[in-house]
Amino acid sequence: CGSVRRSQQQGCIACKLAAPESTVVAVTGDGGLQMTLQELCTAVQCGVSVVIIVFTNNRLARITGSPFTELLSPDFASVARACGAEGASVRSSDPTKAAHALSAAFAHVDANRGPFVVDVRTDPSLMAPVAAWRHEDRAFP
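The following refers to the structure shown. The numbering scheme is per chain: residues are counted from 1 as the chain's sequence reads. Two thresholds apply to this predicted model, a pLDDT of at least 70 for residue-level local features and 80 or more for giving and counting side-chain atom pairs, whereas whole-chain, interface and lining totals are computed over all residues. In computing side-chain values, all of the structure's heavy atoms are included and hydrogens and water are not.

## Comments concerning the overall build of the protein
By definition, any uninterrupted DSSP run of H or I lasting at least four residues is a helix, any uninterrupted run of E lasting at least two residues is a strand, and each is numbered from the N terminus. Regarding its fold elements, the protein presents 5 helices and 6 strands. The linear arrangement of helices and strands in the protein, starting from the amino end, is α-β-α-α-β-β-β-α-β-α-β. In this scheme, a residue with accessible area under 20% of its type's maximum is buried, one over 50% is exposed, and one in between is partly exposed, where area comes from a 1.4 Å probe on protein chains only. Buried residues in the protein amount to 40% of all 141 residues. Contacts are residue-level and defined by heavy atoms, with any inter-residue pair within 4.5 Å sufficient. Nonlocal contacts in the protein, meaning residues at least 24 apart in sequence, comprise 73% of its contacts between residues at least 6 apart.

Structure follows, in structure tokens:
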């Protein structure tokens with residue numbers, strides 16, 4: 001599950017509570033995670049074991065009419081640990097380390113040890129095609 005603001009709060013935590021035997025993964029960006037960071041603490045407090053993959057490019061690309069808005073993003077793996085979860089930071093240019101981090105994340109949640117955040121640091125000059133949509137072309141306001 002994933003979208004700005006909803007991948008944690010209304011998505012992955014609810015999915016895991018509704019189907020505790022399922023492996024649930026949230027995919028979000030750094031702006032989306034910052035908007036719902038308190039939900040990570042909720043997942044820790046309630047013992048909800050989910051994988052949260054955050055693509056960190058230090059940009060808000062879907063929020064404003066401009067191509068992007070710069071964003072100061074912390075090391076989300078460190079933030080996860082500060083909240084009582086587990087986490088790993090990787091660069092998207094290092095697929096071996098990224099695979100290792102994902103394996104650790106899935107092992108962690110499969111053992112029902114709480115949430116695990118994988119912070120994938122991406123090149124801010126690369127933008128997903130959806131970020132290039134013009135506002136009037138979007139199916140949502």
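## Some remarks on the environment of Ala98
Following the sequence through the fold, Ala98 ends up in helix 5 (residues 95-110). Between the alpha carbons of Ala98 and Val120 there is a distance of 7.7 Å; along the sequence they are 22 residues apart.

## Some points on the pairing of strand 6 (residues 116-121)
Burial analysis of strand 6 places 6 of its 6 residues in the buried class, the great majority of the element. By the alternation rule, side chains of strand 6 split into Phe116, Val118 and Val120 and Val117, Asp119 and Arg121, which are all buried. Here a strand pair is declared whenever DSSP counts at least two bridges between the two strands. Bridge analysis of strand 2 (residues 51-56) against strand 6 gives 6 bridges, and the strand direction is parallel. Across the sheet, Ile52 pairs through a bridge with Val117, a residue of strand 6. As defined by bridge partners, strand 5 (residues 86-91) adjoins strand 6 across 6 bridges and the pair is classed as parallel. Within strand 6, the residue paired with Arg91 across the bridge is Arg121. As for the winding sense of the linkage, the β-α-β connection from strand 5 through helix 5 to strand 6 is right-handed. By definition, the crossover connecting two strands over a helix is right-handed if that path, from the first strand to the second, turns clockwise as seen with the strands pointing away from the viewer.

## Observations concerning the sheet that holds strand 6
Spatial ordering of the open sheet is given by 1-2-6-5, a layout of 4 strands whose pairing is parallel. Of all the strands in the sheet, just strand 1 (25-29) and strand 5 have a single pairing partner and so form its edges. Taken over all neighbouring pairs, the strand axes of this sheet differ in orientation by 15° on average, direction set aside. Axis definition: a line fitted to C-alpha atoms, over the contacting stretch in the case of helices. Angles run 0 to 180 degrees between N-to-C directions. Running at roughly 175° to strand 5, helix 4 (residues 76-83) makes contact with strand 2, strand 5 and strand 6 of the sheet.

## Some words on the nonpolar core
Only buried residues count toward a nonpolar core, which is a set of Ala, Val, Leu, Ile, Met, Phe, Trp, Tyr and Cys residues joined through side-chain atoms within 4.5 Å. Counting residues in each nonpolar core, the largest one holds 15 residues, and the members touching the most others are Cys12, Leu40, Val50, Ile52 and Val117. Contributing elements (two or more residues each) for this core: helix 1 (7-18), helix 3 (38-46), strand 2 and helix 4. Counting 11 residues, the second-largest nonpolar core is a separate cluster that includes Ile53, Val90, Val109 and Val120.

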